[in-house]
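Reading the structure
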Number of protein chains: 2
Amino acid sequence: MNGRSAQRLAKLQEALASGGTLHLRDAAELCDVSEMTIRRDLTTQASAISLLGGRLVMANYPGVTPIYDLTEQQASHYQAKYRLCQRALAFIEEGDTLFIDCGSTLMPLLSQLSHFNELTVVTYALNVANAVAALPNVRLVLLGGLFYPASQSFGSDNMAAAIERLGINKALISAAGVDLERGVSCFHFHEVAPKQAAIATAMQRLLVVDASKFGVVRPAYFAALDNFDVVVTDGEGAHSSQYLGCGNAPLLS
Amino acid sequence: MNGRSAQRLAKLQEALASGGTLHLRDAAELCDVSEMTIRRDLTTQASAISLLGGRLVMANYPGVTPIYDLTEQQASHYQAKYRLCQRALAFIEEGDTLFIDCGSTLMPLLSQLSHFNELTVVTYALNVANAVAALPNVRLVLLGGLFYPASQSFGSDNMAAAIERLGINKALISAAGVDLERGVSCFHFHEVAPKQAAIATAMQRLLVVDASKFGVVRPAYFAALDNFDVVVTDGEGAHSSQYLGCGNAPLLS
DNA sequence: CACTAAATGTTATAATTTTAACATTAACGC
DNA sequence: GCGTTAATGTTAAAATTATAACATTTAGTG
């Protein structure tokens, strides 16, 4: 609850905004106070900066942010997501132009794309774009527009048109809900247009969802289950197998 | 030079790809080796992962990446960029729709935008988008397209058209070279179209360059000096003042 | 001006991370 | 199988970072 403390944090935040890290020592010097004061600023006031092993980093940057480290439980939960993406990976071939949907489901897939020599990724999600931008061998096409923080993705009127102009080979679509009767749905309405456009354009349509999404309906409906050529999922229980005969979608469980 | 070491790193990289940090302890457990082995992997093999205070982070994420911490020299160099942006900030008003150019020049400006209540930022640069996405009070419009790693920005055929459809208030343009006779230039040709479109559409055009760019010519010409309403620069030496009378551009030095 | 309380500095101690050295195990060629 | 080398594990010491306690300064108030 201090004006000067807030000022210091603002100064540091500005210094970090361009990216990079700042050693506690340098931060203290920059603000002309002791290291202890910077420490206290950080613990007292809530800020976007976090201290990671003596270095200040912007907490709201992906890759640092979730200060709640992946503990063992989360690591095992990650394993599930990872396995799901491994299955999806089996459908990807050299030279593909992939549409990658927003959300966190498909994130583990992205780093694996570095094993290919030539690939193009089309996406409308900022987190996906950041991960793909780091891959030297993958061309990235980001469909821009107005940013929606909730889903870390972009929306615009002519997104559908932009997608249709691209030669998308395979569309990897994620969902928040999958129901036999009510179809496939997500949370945000602005995701509907790009998802539908990708489904309409792509030569092969893959729905990638973990088993926990089955039987769930979310506000924004965007496709019927038989709009997909493949459903990639994880569980092998009764839940997933009941979808086996439905539509023309072969199920990989 | 070890296959198993590389495999471990790949595994860890995949675990980190979705963002977040992994404690050395957890990483060791995940790979079923000792912490020391992970340490050795990291130092032996070049990888995108770096160790920051006992935690593994993706080095190629902005905000962590430049492991070369801002030392005192860099901090002072930052001060110069910061002051330049402070001057540019003076031209920004509540409710503005700003076009923010790519490059690192305008990065220190972005965090300062959090002091406004309502602002819209239009950009075609990924680093700018990431910084703005973190600001809750600033609407972000990202102009997408094919990603150019060299400038961390996007290019597309209809970028000019997309820019012209927006009601851009003020265009903040950066440059790699400014010359009285040869005009204003940058490195990459795909930047020319968005820059020119922003200059054409915006109500107010600001060129933001530090004094070191004066007298320099770069491959891609994109504007004459008198296309700008304001030139924001830092030095107050003879170099910058010689531009004072030129065109209709009032100089803020 | 003296008094109070908040803010900051200093120091010592505890916890953690890093480094180095050496022990052990696994892999490979002969 | 034996010997050699690389890979990994273990341990102790050094360096760094975090925490806590107390000292000092600063700002505000009557």
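Attention here is on the structure that accompanies the text. (Residues numbered from 1 in each chain as written. Chains lettered and ligands numbered in written order. Predicted model: local features only at pLDDT ≥ 70, side-chain atom pairs only at ≥ 80, totals over all residues. Heavy atoms only, no water.)

**Notes on the overall build of chain A**
For chain A, the count of helices and strands is nine helices and 15 strands. Residues counted as buried form 55% of the 253 residues belonging to chain A. Considering only contacts within chain A whose residues lie at least 6 apart along the sequence, 59% involve residues at least 24 apart. With the model as given, the accessible surface of chain A reaches about 10500 Å², and the carbon-plus-sulfur share is 51%. (Helix = DSSP H or I, 4+ residues; strand = E, 2+ residues; numbered from the N terminus. Buried < 20%, exposed > 50% of the residue type's maximum accessible area, 1.4 Å probe, protein only. Contact = heavy atoms within 4.5 Å. Areas by Shrake-Rupley, 256 points an atom, 1.4 Å probe, with all protein chains shown as cover.)

**Observations regarding the nonpolar core**
Core analysis: the biggest nonpolar cluster contains 126 residues, and L113(A) and L113(B) have the highest contact counts within it. Those residues in contact with L113(A), other than ones at most four positions away along the chain, are L89(A), I92(A), L98(A), L119(A), V121(A), L135(A), N137(A) and V138(A). (Core = buried A, V, L, I, M, F, W, Y, C linked by side-chain atoms within 4.5 Å.)

**Thoughts on unusual backbone geometry**
Even without being a glycine, D32(A) presents a positive backbone phi close to 60°. Inspection of the secondary structure puts D32(A) in the loop between α2 (24-31) and α3 (35-44).

**Looking at the protein's contact with DNA strand C**
Around DNA strand C there are 16 residues in total, and R8(A), S34(A), T37(A), R40(A) and R39(B) lie nearest to it. Of all DNA strand C atoms lying within 4 Å of any protein atom, the proportion belonging to sugar or phosphate reaches 65%. Contacts to DNA strand C include S34(A), whose backbone N or O atom sits 2.8 Å from a phosphate oxygen. Counting residues per element, the ones that place at least two in the surface near DNA strand C are α1 (3-17) and α3 of chain A together with α3 (35-44) of chain B. The dominant element in the surface near DNA strand C, judged by the number of residues it contributes, is α3(A), at three residues. When its residues are assigned to classes, the surface near DNA strand C shows five nonpolar, six polar and five charged. (Near = heavy atom within 4 Å. Polar contact = N/O pair within 3.5 Å; in protein donor to acceptor, adjacent residues only side chain to side chain. Nonpolar A, V, L, I, M, F, W, Y, C, P; charged D, E, K, R; others polar.)

**Some details on the protein's contact with DNA strand D**
In the vicinity of DNA strand D lie 16 residues, with R39(A), R8(B), S34(B), T37(B) and R40(B) positioned nearest. For DNA strand D, the backbone makes up 65% of the atoms found within 4 Å of the protein, where backbone means sugar plus phosphate. In this structure, R8(B) approaches DNA strand D through a side-chain N or O atom, which is 2.9 Å from a phosphate oxygen. Contributing elements (two or more residues each) for the surface near DNA strand D: α3 of chain A together with α1 (3-17) and α3 of chain B.

**Brief notes about the side chain of E191(A)**
Considering the arrangement of structural elements, one finds E191(A) in the loop between β11 (183-186) and α8 (192-201). Contact partners of E191(A), with chain neighbours within four places excluded, come to C102(A), Y124(A), S151(A) and C186(A).

**What to know about the side chain of D41(A)**
All names here are of chain A. Structurally, D41 is set in helix α3. On the accessibility criterion, D41 (4% relative accessible area) is buried. Setting aside chain neighbours within four positions, we find D41 in contact with S5, R8 and L9.

**Section: the environment of L206(B)**
All names here are of chain B. Here L206 is to be found in strand β12 (residues 204-208). For L206 and V231, which are 25 residues apart along the polypeptide, the C-alpha to C-alpha distance reads 5.7 Å. When near neighbours in sequence (up to four residues on either side) are disregarded, L206 contacts F91, K170, A171, L172, I173, F228, V230 and V232.

**As for the state of the cysteines**
All names here are of chain A. According to the stated counting rule, one finds zero disulfides over all chains in the structure shown. No disulfide involves C102; its nearest neighbouring cysteine sulfur is the one of C186, lying 7.3 Å away. Taking relative accessible area as the criterion, C186 reaches 2% and is therefore assigned buried. (Disulfide = S-S within 2.5 Å.)

**Considerations on the packing of helix α2 (residues 24-31) of chain B against α3(B)**
Describing two packed helices takes the angle between their axes plus the distance from one axis to the other. All names here are of chain B. Where α2 meets α3, the closest approach of the two axes is 8 Å, and the angle between their N-to-C directions is 95°. Taken together, the axes of α2 and α3 are roughly perpendicular relative to one another. Across the interface between the two elements, L24, R25, A27, A28 and C31 of α2 pack against E35, I38 and R39 of α3. (Axes fitted to C-alpha atoms, helices over the stretch in contact; angles between N-to-C directions. Parallel < 35°, antiparallel > 145°, perpendicular 65-115°, else oblique.)

**Here's the deal with the packing of helix α6 (residues 126-133) of chain A against helix α6 (residues 126-133) of chain B**
At a minimum axis distance of 11 Å, the contact between α6(A) and α6(B) shows a crossing angle of 140°. Taken together, the axis directions place α6(A) and α6(B) in an arrangement best described as oblique. Of the two possible hands of crossing, α6(A) and α6(B) adopt the one that is left-handed. The segment α6(A) lies against α6(B), with L126(A), N130(A) and A133(A) engaging L126(B), N130(B) and A133(B). Residue composition of the contact of α6(A) with α6(B), by class: four nonpolar, two polar and no charged. (Left-handed = near helix turned anticlockwise from the far one by under 90°.)

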